[in-house]
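What follows is the residue order along each chain.
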Amino acid sequence: MTEVTSAASDSHRALHSPKISFEFFPPKTEEMERSLWETINRLAPLAPSFVSVTYGAGGSTRERTHSTIARILKETNLTPAAHLTCVGAPKGEIDEVVARYHEIGVRHIVALRGDPTTGIGTAYSAHPDGYQSSPDLIAGIKKRYPDFEISVSAYPEKHPESPDLDADIDTLQAKVDAGAARAITQVFFDNDLYLRYLDRVRARGINIPVVPGIMPMHNFKQARSFVTRAGTTVPSWLADKFEGLDDDAETRKLVAATVAAGQVQKLAKQGVDTFHFYTMNRADLVFAISHLLGIRPNGAQKAA
């Protein structure tokens, strides 16, 4: 693992100054909105590089995503990144969404193909008048607004629809060629999967940051169902750690924090110095894990 080995030589520095970012999803109810803003206010002092807000299948959360992004811009000092997909809309409609984001001051988009409107695991069908793929979407954004920073997805275990990992990395290369500046990985629980994937990506000459996506398992059963449908392997050792805790939320939380903290600390020792947390709109575990990484509120840093 030449790339990681070379990075590990500077791991002491990485432990002192990790970079983090957070993902949120737009709230559906007033209660969920209050909870989201409690989470944002709790995590904002950790000074993340950016915070992203997801975009539902077929654009089903388009307006809620936009209003959440707009409020983050207005009420905080955070840098928001808006998720955007190709699904279920013609190019003109997508271009209008991009124009609205640009107008209010957003300069970072997480560009994704998106899941089929018929659900994960079913055949994907592009809109006949829409962007046909994520590289097509990225190229469309960059042509109209070159100042947008574009993040994209990456899959250490390959995208479920890719025939093999090489084909999947071909797609990542196409995203980079179209203008992607950063890749954020799908959730993984075996660090070796990420490290081997990073080696293969670097061997192909792809040099953009490939940021590990980390998900603390607040509710193991729900999280396992969600991530496995997206192609993530849940190791038996991980399932064993949550066995017998279905009705014990407090212990489940402690176990989830321990597992995720161990994962990021081991990655940090390999020289990884950037992490993206799938927060599930909850602050507690992410705040604790960031603390263990040496990240303190208001930018104060300590060794992990």
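Residues numbered from 1 in each chain as written. Predicted model: local features only at pLDDT ≥ 70, side-chain atom pairs only at ≥ 80, totals over all residues. Heavy atoms only, no water.

Participant: Hey, could you run me through the overall build of the protein in this one?
Facilitator: The helix and strand tally for the protein stands at 12 helices and nine strands. Per-residue burial over the protein gives 51% buried out of 304 residues. Considering only intrachain contacts with a sequence separation of at least 6, the fraction spanning at least 24 residues in the protein is 77%. Carbon and sulfur atoms make up 50% of the accessible area of the protein, which totals about 13900 Å². (Helix = DSSP H or I, 4+ residues; strand = E, 2+ residues; numbered from the N terminus. Buried < 20%, exposed > 50% of the residue type's maximum accessible area, 1.4 Å probe, protein only. Contact = heavy atoms within 4.5 Å. Areas by Shrake-Rupley, 256 points an atom, 1.4 Å probe, with all protein chains shown as cover.)

Participant: For this particular structure, what's the right way to read the side chain of Q186?
Facilitator: You can see Q186 is positioned in the loop between β6 (182–185) and α8 (191–203). What makes Q186 buried here is its relative accessible area of 17%. Residues contacting Q186, with those up to four places away along its chain left out, are A154, Y155, P156, G213, A230, T232 and Y278.

Participant: Looking at this structure, how should I read helix α4 (residues 62–75)?
Facilitator: For α4, built from 14 residues, the straight-helix expectation of 20 Å at 1.5 Å per residue is met to within 8% by its first-to-last C-alpha distance of 20 Å. In the core, the buried residues of α4 are packed alongside α3 (30–43), β2 (51–53), β3 (80–85) and α5 (91–104). (Expected span 1.5 Å × (residues − 1).)

Participant: Looking at this structure, how should I read the packing of α3 against α4?
Facilitator: Each pair of packed helices can be summarised by the angle the axes make with each other and by the distance between the axes. Between α3 and α4, whose axes approach to 13 Å, the crossing angle comes to 40°. Relative to α4, the element α3 is oriented oblique. In this structure, α3 crosses over α4, and the sense of that crossing is right-handed. Contacts between α3 and α4 involve E33, L36, W37 and I40 on the former and, on the latter, T68, R71, I72 and E75. Residue composition of the contact of α3 with α4, grouped by class: four nonpolar, one polar and three charged. (Axes fitted to C-alpha atoms, helices over the stretch in contact; angles between N-to-C directions. Parallel < 35°, antiparallel > 145°, perpendicular 65-115°, else oblique. Left-handed = near helix turned anticlockwise from the far one by under 90°. Nonpolar A, V, L, I, M, F, W, Y, C, P; charged D, E, K, R; others polar.)

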